[in-house]
Amino acid sequence: MADEKTNKARAEKHDRILSAAAKIFARKGFFNAKISEIAREAQVADGTIYLYFKSKDDILIHLFEEMMGNILGALRQEIDAPGLDSVQRIERFILFHLHLVETHPDMAEVITIELRQSHKFMKEYVPRRFFDYLDAVSNLIIEGQRAGMIRDDLDPRITRIALFGALDEVSLQWLRANKEQKFSLNEAGRHLSQLFLQGLQGAPKGAEQRLSG
């Protein structure tokens, strides 16, 4: 019973530190953030941080892992809803991604901007959960190709990178915009859905003749 209590307390403190780190990284940037500031936000002693994490980079990597784990779980629920075809699932993926940015801006700031400031993350760490996220998109494209709903001349790996790149850039611009410049991410998602889904499903009938003529 005592061990269970201790483990629960450690897990709670671990989560509190990561939650505090997300706020500090988003507020001050990864480079400018200090361990002491994370500790203060988490209401723990500075030295306590090092009982759980080796360094600031280590905190960032663990934070990414936790965030991506939560995102993947929520994504699967969103796109695996019954009655949806692959095209509808891709649209849901696009809207889901941008909805997360809007409702969890601290998390989006860390994933979209601050991760790129960590040399260790960029050079040494293999972000398997991020690849799982991209694989979810590839699988939807392959599923659509098999069902005859998506053009079979498209490479799913390249297509997923193009889609994620567009979502990433829209997210970055929204996060960097001041209050007056903020745009509707839901509307942006609808535009991206139209752009990509029309391309994925092929040109309208007769478009090739009009273009060549």
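Below you will find a few notes about this structure. Not measured: the values here are computed from a predicted model.

Some remarks on the overall build of the protein
Check the secondary structure of the protein and you find eleven helices and zero strands. Reading the helices (α) and strands (β) of the protein from amino to carboxyl end gives α-α-α-α-α-α-α-α-α-α-α. Here the C-alpha coordinates of the protein stretch approximately 70 × 45 × 30 Å along the principal axes. The buried share among the 213 residues of the protein stands at 44%. Surface accessibility of the protein: about 12600 Å² in total, with carbon and sulfur atoms responsible for 51%.

Side note on unusual backbone geometry
Of note in this structure, Q43 is not a glycine but carries a positive phi near 60°. Within the fold, Q43 resides in the loop between α2 (35-42) and α3 (46-52). The exposure class of Q43 is exposed, given its relative accessible area of 68%.

What to know about the nonpolar core
Core analysis: the biggest nonpolar cluster contains 64 residues, and F25, I38, I59, I90, F93 and Y133 have the highest contact counts within it. In terms of residue count, the dominant contributor to this core is helix α4 (residues 56-79) (eleven residues). Excluding anything up to four places from it in sequence, I59 contacts L18, A21, F25, I35, I38, I49 and F53.

Some thoughts on the environment of A147
Inspection of the secondary structure puts A147 in the loop between α8 (128-146) and α9 (156-176). Put simply, A147 and E91 are 56 residues apart on the chain and 16 Å apart in space, counted from C-alpha to C-alpha.

Quick word on helix α5 (residues 86-103)
A rise of 1.5 Å per residue sets the reference length of α5, with its 18 residues, at 26 Å; its end C-alpha atoms lie 25 Å apart and thus fit the reference within 8%. Inspection of α5 places S86, V87, R89, I90, F93, I94, L95, F96, H97, L98, L100 and V101 among the buried residues, and these make up the whole buried set. In this fold, the buried residues of α5 make contact with α4, α6 (105-112), α8, α9 and α10 (185-201). Two to three positions downstream of the cap, the backbone nitrogen of V87 sits 3.1 Å from a side-chain oxygen, assigning the N-cap of α5 to D85.

Some thoughts on the environment of D132
As for its position among the elements, D132 is in helix α8. We classify D132 as partly exposed; its relative accessible area is 33%.

Parameters at a glance
- Residues numbered from 1 in each chain as written.
- Predicted model: local features only at pLDDT ≥ 70, side-chain atom pairs only at ≥ 80, totals over all residues.
- Heavy atoms only, no water.
- Helix = DSSP H or I, 4+ residues; strand = E, 2+ residues; numbered from the N terminus.
- Buried < 20%, exposed > 50% of the residue type's maximum accessible area, 1.4 Å probe, protein only.
- Areas by Shrake-Rupley, 256 points an atom, 1.4 Å probe, with all protein chains shown as cover.
- Core = buried A, V, L, I, M, F, W, Y, C linked by side-chain atoms within 4.5 Å.
- Contact = heavy atoms within 4.5 Å.
- Expected span 1.5 Å × (residues − 1).
- Polar contact = N/O pair within 3.5 Å; in protein donor to acceptor, adjacent residues only side chain to side chain.

Nothing here speaks to function; it is geometry throughout.
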